[in-house]
Amino acid sequence: MEHLTAETLAGLVDEVAQPEEAAHLAECQVCRAKLDDYREQTEALGNLPEIVPPRGDWGVLEARLRSEGLVKTPGAFERLGLAQTPAWMKVAAAVMLYLGGTGTGVVLAHNDKPQALGEMAMMSDPTMFANSATVDDAASAVRIAEQYYVSALARYRELMLTESGGQPGVDQMSKYAALEHLAAASQAALRQAPGDPYFNGLLASVLGEREATARMVSRKDNWF
Amino acid sequence: MENISAGMSERRLIMLAADGEARAIRTLYDRYAPRVYAVVRRIAGDDDLAQDYAQEAWIRAIRALPTFRGDARFSTWLHRIAVNSALQALRKAETRRKREAPIPDQVPVAPRGGDALLQKQLERALDVLPEGMRRVLILHDVEGYTHEEIGDTLGVTSGTSKSQLFKARAKMRDLLSSLSSASQEHGAEAWSI
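Values in this document were obtained by computation on a predicted structure and should not be read as measured data.

A.B. asks: Looking at this structure, how should I read the overall build of chain A?
C.D. replies: Looking only at helices and strands, chain A features 12 helices and zero strands. Starting at the N terminus and ending at the C terminus, chain A contains elements arranged as α-α-α-α-α-α-α-α-α-α-α-α. Within the span of chain A, comprising 224 residues, buried residues form 34% of the whole. Counting contacts in chain A only where the partners sit at least 6 residues apart, residues at least 24 apart contribute 59% of the total.

In structure tokens:
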């Protein structure tokens, strides 16, 4: 008696047997046993468990998502836990933080002076920004540099206005709202072209101007 | 920014993730990473490759999130992306180096007892199956694809898919027999990886 081939038996796991195959199986214990093996094997394959990814996978993925602009960089308010706050309160909070003396750069990422002072030391050695050994270090360096840039920009604007003694010629609240839109648009553009230096620079400038505008609002109206 | 909670609907989570909300993406990742990793790992047949393929699958999925309309379940949609991404990466790798994995006579597997041992044997046997067979076997027997779906995914006819599947099952059985013999002949000493 000629046994059924391995491939035929493998197919009979989920295919209907032809009459001659069924007849053979009815008589042949060897082929029946093999067919049972195939059924068990197929069932076991279907019950294979999920596999937990190695630890640290999320960190690598997150870094890549950020580098590709697929993750929104949280703004100052989100970092400070003020995401649910109405817009006008956000402005007030920003202004109060400025008046509290913490400074734009520190407000954007950190709220503790010792760390800010440590970063100031980092600023005194600019090569530290360029010598990051890991993606995390490089991302951190970019954030710090961005904070200082924004802080310097805000201070520059403030001094310019002080020296000229001029008052801003536009409604600051409207300007602030416009800058909010511009910041969102810049962030959206960065998601499309995350490595583009123009968009990066634009976003940093917009954020700086937005914070400076918040300060102007506070000086002019003291509305909070 | 909206608070992300465990009870938040998946639809809302997806919307937030599509908008680049990191915690929403993380929540989806935590929920589906094992499923994505499992299918990608089995297709890749290698841990290092699997990590790369899984990363790529997630990047593609997050990139494509704004196009997800909810016609299919999110898990199904994501699974498709993972499979296609892994298969495409594998094809690229194949083009670079035309090779087929050698099939060892005996593959040592760590003993875990009962089902765990069988699972380990199945995983090891899957790893050494020729790639063409492995893809079809994983898609059909592990992931539950139909032959028509496999045909669409791999660009072959459903008949070819069936034929490959039956060959793959037969090959798997041979490999599992070898693994089983190895365990009996060499005992626990031979099972260290």
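Now that the structure has been shown, we can carry on.
A.B. asks: Just checking my understanding: could you explain the nonpolar core for this structure?
C.D. replies: In a soluble, globular protein the nonpolar side chains are often hidden away together inside. Within the largest apolar cluster, 81 residues are counted, with the highest numbers of intra-cluster contacts made by Leu65 of chain A together with Val40, Trp58 and Phe74 of chain B. Broken down by element, the residue count for this core peaks at 14 residues, all from helix H2 (residues 22-44) of chain B. Beyond its immediate chain neighbours, meaning those up to four positions away, tryptophan 58 of chain B contacts Leu61 of chain A together with Leu28, Tyr29, Tyr32, Ala33, Val36 and Leu78 of chain B.

A.B. asks: I'm lost on the packing of helix H1 (residues 10-18) of chain B against H2 of chain B in this one. Help?
C.D. replies: Packed helices, taken two at a time, are described by the angle between their axes plus the distance between the axes. All names here are of chain B. H2 packs onto H1 with a crossing angle of 125° between their chain directions and a minimal axis gap of 8 Å. Our classification of the angle between H1 and H2 gives oblique. With respect to the hand of their crossing, H1 and H2 are arranged in left-handed fashion. In this structure, H1 uses Glu10, Leu13, Ile14, Leu16 and Ala17 to contact H2, whose residues at the interface are Ala24, Ile25, Thr27, Leu28, Arg31 and Tyr32.

A.B. asks: Looking at this structure, I do not really get the packing of helix H4 (residues 57-67) of chain A against helix H3 (residues 47-64) of chain B. What am I missing?
C.D. replies: Packing of H4 of chain A against H3 of chain B brings their axes to within 10 Å, and their N-to-C directions diverge by 45°. If you check the angle between H4 of chain A and H3 of chain B, you find them oblique. Considering how the two elements wind past one another, H4 of chain A and H3 of chain B form a crossing that is right-handed. Counted together, Asp57, Val60, Leu61, Arg64 and Leu65 of chain A of H4 of chain A and Gln51, Gln55, Glu56, Trp58, Ile59 and Ile62 of chain B of H3 of chain B form the full contact between these two elements. Across the contact of H4 of chain A with H3 of chain B, the residue classes tally to six nonpolar, two polar and three charged.

A.B. asks: How should the interface of chain B and chain A be read in this particular structure?
C.D. replies: Interface size is often expressed as the accessible area that is lost when the parts come together. Counting from both sides, the interface comprises 40 residues of chain B and, opposite them, 38 residues of chain A. With both chains or domains summed, chain B and chain A bury close to 3,700 Å², and 61% of this area falls on carbon and sulfur atoms. Viewed at the interface, chain A and chain B are joined by five salt bridges. Where glutamate 15 of chain A meets lysine 162 of chain B, a salt bridge forms, and the shortest distance between an N and an O atom there is 3.3 Å. For the side of chain B that touches chain A, the secondary structure elements donating two or more residues are H2, H3, helix H5 (114-128), helix H6 (131-142) and helix H8 (158-186) of chain B. If you tally residues by element for the side of chain B that touches chain A, the top one is H2 of chain B, at 11 residues. Among the residues making up the side of chain B that touches chain A, the classes are represented as 20 nonpolar, six polar and 14 charged.

A.B. asks: Would you mind going over H2 of chain B with me for this structure?
C.D. replies: One full turn of an α-helix is made of 3.6 residues, so residues set three or four places apart face in the same direction. Residue and element names in this part refer to chain B. The end-to-end C-alpha distance of H2, which contains 23 residues, comes to just 28 Å, noticeably less than the 33 Å that a straight helix rising 1.5 Å per residue would cover. Along H2, the sharpest change in direction is near 55° and occurs at tyrosine 32; proline proline 34 comes one to four residues later. A large share of H2 lies buried, amounting to 18 of its 23 residues. Positioned one or two residues after H2, glycine 45 has a phi angle of 70°, which is positive.

A.B. asks: Can you walk me through the packing of aromatic side chains in this structure?
C.D. replies: The way to describe two aromatic rings as a pair is by their centre distance and the angle between their planes. Residue and element names in this part refer to chain B. By the definition in use, this model includes six aromatic pairs over all chains. An angle of 55° between the planes, with centres 5.1 Å apart, marks the rings of tyrosine 29 and tryptophan 58 as tilted. In this pair, tyrosine 29 is assigned in helix H2 and tryptophan 58 in helix H3, connecting sequence segments 29 residues apart. Residue tyrosine 29 shares its accessibility class with tryptophan 58, and that shared class is buried.

A.B. asks: How do you make sense of the side chain of arginine 173 of chain B when you look at a structure like this?
C.D. replies: Relative to the elements of secondary structure, arginine 173 of chain B occurs in helix H8. In contact with arginine 173 of chain B, not counting residues within four places along its chain, are Lys34, Asp37, Tyr38 and Gln41 of chain A.

What counts and what doesn't
- For every chain, the first residue of its written sequence is number 1, and the numbers climb from 1 along that sequence.
- Chains and ligands are labelled by the order in which they are written, letters from A for the one and numbers from 1 for the other.
- Note on the predicted model: pLDDT of at least 70 is required for a residue's local features to be given, and 80 or more for side-chain atom pairs to be given and counted; whole-chain, interface and lining totals, by contrast, use all residues.
- Computation of side-chain values covers all heavy atoms of the structure but excludes hydrogens and water.
- The numbering of helices and of strands both runs from the N terminus, where a helix is a DSSP run of H or I of at least 4 residues and a strand a run of E of at least 2.
- Relative accessible area decides the class of each residue, using a 1.4 Å probe on protein chains only: under 20% of the type maximum gives buried, over 50% gives exposed, and in between gives partly exposed.
- We call two residues contacting when some pair of their heavy atoms lies within 4.5 Å.
- Buried Ala, Val, Leu, Ile, Met, Phe, Trp, Tyr and Cys residues form a nonpolar core when they are joined through side-chain atoms within 4.5 Å.
- In this analysis, axes come from line fits to C-alpha atoms, helices being fitted only over the stretch in contact, and the angle between any two N-to-C directions falls in the range 0 to 180 degrees.
- Geometric relationships in this document are graded by angle, where less than 35 degrees denotes roughly parallel, more than 145 denotes roughly antiparallel, 65 to 115 denotes roughly perpendicular, and other angles denote oblique.
- Here a crossing is called left-handed whenever its near helix is offset anticlockwise from the far helix by less than a right angle, and right-handed whenever the offset is clockwise.
- Polar here means any residue outside two lists: the nonpolar Ala, Val, Leu, Ile, Met, Phe, Trp, Tyr, Cys and Pro, and the charged Asp, Glu, Lys and Arg; Gly therefore counts as polar.
- Buried area is understood as the total, over both parts, of accessible area removed when two parts are fitted together, assessed with a 1.4 Å probe.
- By salt bridge we mean one thing: a side-chain nitrogen of Lys or Arg within 4 Å of a carboxyl oxygen of Asp or Glu.
- Helix span, expected: 1.5 Å multiplied by one less than the number of residues in the helix.
- To get the bend at a given residue, fit one axis to the seven residues ending there, fit another to the seven starting there, and take the angle between those axes.
- For Phe, Tyr and Trp, rings pair up if their centres lie within 6.5 Å, where Trp contributes its six-membered ring, and each pair is then called stacked (planes under 30 degrees apart), edge-to-face (over 60) or tilted (otherwise).

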